[in-house]
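Overview (structure and organization)
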Amino acid sequence: MSFTEFDFHPQISAGIAACGYTIPTPIQKEAISPILAGHDIFGLAQTGTGKTAAFVLPILQRLLKGSRKKTRALIVAPTRELAEQIHGNIEKMAGRTGIKSVPIYGGVGKSPQIRAVRAGTEIIVACPGRLLDLVNDEAISLRDIEVLVLDEADHMFDQGFLPDIKRIIKLLPQKRQSLVFSATMPAEIKVLAQKILHRPQTVRINDSLPAPTIAHGLFQVKKEERTALLKNLLQKEEIKTALIFTRTKHKAKSLGMQLQRAGFKATSLQGNLTQNNRKKALDGFRDGVFNIMVATDIAARGIDVTGISHVINYDLPDTVETYTHRTGRTGRADRTGKAYTFAGPEDRKMITSIERNLGKKMAQESLPALNSGAKPSRQAKPSRQESRQKAMPAVRGSRGCSWSESLVLA
Ligand code: AMP
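Residues numbered from 1 in each chain as written. Predicted model: local features only at pLDDT ≥ 70, side-chain atom pairs only at ≥ 80, totals over all residues. Heavy atoms only, no water.

Quick word on helix α10 (residues 226–236)
Taking burial as the measure, the eleven residues of α10 include nine buried ones, the bulk of the element. Inspection of α10 places Arg-226, Thr-227, Leu-229, Leu-230, Asn-232, Leu-233, Leu-234, Gln-235 and Lys-236 among the buried residues, and these make up the whole buried set. On its buried side, α10 packs onto β8 (214–220), β9 (242–245), α11 (249–261), β11 (292–295), β12 (310–313) and β13 (337–343). (Buried < 20%, exposed > 50% of the residue type's maximum accessible area, 1.4 Å probe, protein only. Helix = DSSP H or I, 4+ residues; strand = E, 2+ residues; numbered from the N terminus. Contact = heavy atoms within 4.5 Å.)

Below you can see the structure in the form of structure tokens.
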């Protein structure tokens, strides 16, 4: 299937070409036609599946018809980074259409955002808090909204945005198209979706299964030896880009600094950074100024950096689902990736749950000479499992994508 089958306006097709997309991803194949037809959608898919284009392209097609300069589409996202990322994607895809998008989030001045909205924009991509602020200030009107997108609905719930979302929804016209995307479907999201969506179609891209292109390795290590192990691992492995997860913001910051002091091109991303510093860290990681990023789960949510070769769980995640999200940052789009987890005896239960979900044991890894500072000439030998996976053809595209025509929310 190619994008031509959707019959997009030539200006939108030019945007698709500018993004370098030729073949729709599974979620695009499944979601674009019903969105174009005006249906409400519940999309079970996470970042990395191409879901942004799945909703942006049909929205652009709708906006090309009808009045311009009015805000007719509202996309709500849980983090500033995701809002910026969606806005950036829209700018690329809408380049030839003249359709404008404005990102709205807190942590930066209101005035430039108000000016941008006043200049006229068809799309607003917003985080809930600042959006409500600007609506209260009467700087933004939601009365012309025709399409609402709630992106990463489960994360909005995790971050306590549900009351804000309900407030926003009350401000929207009743007659509208609503699209809700979520990586998981906890009960609260199910209830919310049932309230918001009118006879929705469900699109499900089964990403709760770990990608088969990822090799999973386990280091049994005491807490106090993790940093030494990490430095050693970073030296011995051929690391193109590594995303390292810690449990706390404080640890992300201090570990990032420790790695910098040890001479690594490392940065960190955590909730206490100013908006400017977050952007610097993220741009630096994307552009290769840094090839190592230490992050917390929330800070790393929704960030799309391609070509991550390693994900390292310095601290174990709290849930199996989070393990899948974290490790799904590598091994994308048929690339192979490595996911290493540091764990002690106290983590045994969680490791067993993760392995049950993986359907196999993680490869037991070990590095000799923990405290050696010298860079070895030889790289760490791949585990048997990794060798096996290298030999395997990439099968990521065949992971369960299923499509149900009927409402599956009940
Ligand atoms: P998303 O899940 O929307 O964050 O997209 C993940 C990545 O896939 C982004 O880098 C997109 O630019 C890219 N992408 C989206 N759609 C396609 C496509 N049809 N072909 C190739 N890459 C795509």
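Some points on the environment of Leu-57
Counting through the fold element by element, Leu-57 comes out in helix α3 (residues 51–64). Measuring from C-alpha to C-alpha, the distance between Leu-57 and His-9 comes to 9.9 Å, with 48 residues separating the pair along the chain. Other than its neighbours up to four places away in sequence, Leu-57 contacts Phe-3, Phe-8, Ile-12, Ile-16, Ile-32 and Met-93.

Quick look at the pattern of salt bridges
Counted under the stated rule, the structure contains 19 salt bridges. Here Glu-346 makes a salt bridge to Lys-223, at a shortest N to O gap of 3.5 Å. With Glu-346 in the loop between β13 and α15 (348–358) and Lys-223 in the loop between β8 and α10, this residue pair connects regions lying 123 residues apart in the sequence. Pair check on accessibility: Glu-346 and Lys-223 agree, each one exposed. (Salt bridge = Lys/Arg side-chain N within 4 Å of Asp/Glu carboxyl O.)

Quick word on the side chain of His-87
Note that His-87 resides in helix α4 (residues 80–93). According to the relative accessible area criterion, His-87 is buried, its value standing at 9%. Those residues in contact with His-87 that sit more than four places away from it in its chain are Ser-101, Val-102, Pro-103 and Val-125.

Considerations on the confidence of the model for the protein
Considering every residue of the protein, the mean pLDDT works out to 84; 85% of them sit at 70 or more. Confidence drops under a pLDDT of 50 for residues 371–410, and excluding neighbours within four residues, the segment shows 79 contacts in the predicted structure. (pLDDT = per-residue confidence, 0-100.)

Topic: the nonpolar core
In this structure, Phe-55, Leu-57 and Ile-123 are the most contacted members of the largest nonpolar core, which totals 40 residues. Per element, the largest residue contribution to this core is nine residues, and it comes from α3. In this structure, Phe-42, Leu-148, Ile-165 and Ile-189 belong to the second largest nonpolar core, which totals 34 residues. (Core = buried A, V, L, I, M, F, W, Y, C linked by side-chain atoms within 4.5 Å.)

Section: the pairing of strand β1 (residues 41–44)
Across the two faces of β1 the burial is the same, with Ile-41 and Gly-43 and Phe-42 and Leu-44 all buried. Of the pairings in the sheet, the one linking β1 to strand β6 (residues 177–182) comprises four bridges and is parallel in character. When the bridges of β6 are listed, Phe-42 appears paired with Val-180. (Pairing = 2+ DSSP bridges.)

Some thoughts on the sheet that holds strand β14 (residues 363–365)
Reading across from one edge, β10-β11-β9-β12-β13-β8-β14 is the order of the seven strands in this open sheet, with parallel pairing throughout. Each edge of the sheet is formed by a strand with only one pairing partner; in this case those strands are β10 (266–269) and β14. The average undirected angle you get between the axes of adjacent strands in this sheet is 25 degrees. Looking at chain direction, β10 and β11 are connected through four bridges and run parallel. Bridged to Ala-266 within β11 is Ile-292. Across the sheet, helix α14 (residues 320–327) is in contact with β8, β9, β12 and β13; its angle to β12 comes to roughly 150 degrees. Each of β8 and β13 is contacted by α15, which is oriented at about 165 degrees to β8, the strand it contacts most. (Axes fitted to C-alpha atoms, helices over the stretch in contact; angles between N-to-C directions.)

Observations concerning the packing of α3 against α4
The N-to-C vectors of α3 and α4 enclose an angle of 50 degrees; their axes lie 10 Å apart at closest approach. With respect to α4, the axis of α3 lies oblique. In terms of crossing hand, the pair formed by α3 and α4 is right-handed. Only Ile-86, Asn-89, Ile-90 and Met-93 of α4 make contact with α3, whose side of the interface consists of Thr-52, Ala-53, Phe-55, Val-56, Leu-57 and Leu-60. (Parallel < 35°, antiparallel > 145°, perpendicular 65-115°, else oblique. Left-handed = near helix turned anticlockwise from the far one by under 90°.)

Focus on the packing of aromatic side chains
For the coordinates displayed, the defined rule picks out seven aromatic pairs. An angle of 85 degrees between the planes, with centres 5.7 Å apart, marks the rings of Phe-219 and Phe-342 as edge-to-face. Here Phe-219, found in strand β8, pairs with Phe-342, found in strand β13; they are 123 residues apart in sequence, far enough to count as distant. Classification of Phe-219 by relative accessible area gives buried; the value is 4%. (Phe/Tyr/Trp six-rings, centres within 6.5 Å; stacked < 30°, edge-to-face > 60°.)

Some points on unusual backbone geometry
Not every positive phi belongs to a glycine, and Lys-69 is a case in point at roughly 70 degrees. Secondary-structure assignment places Lys-69 in the loop between α3 and β2 (73–76). With relative accessibility at 57%, the residue Lys-69 sits in the exposed group. A positive phi angle, close to 50 degrees, is found at Glu-152, a residue other than glycine. Of note, Glu-152 is situated in the loop between β5 (147–150) and α7 (153–158).

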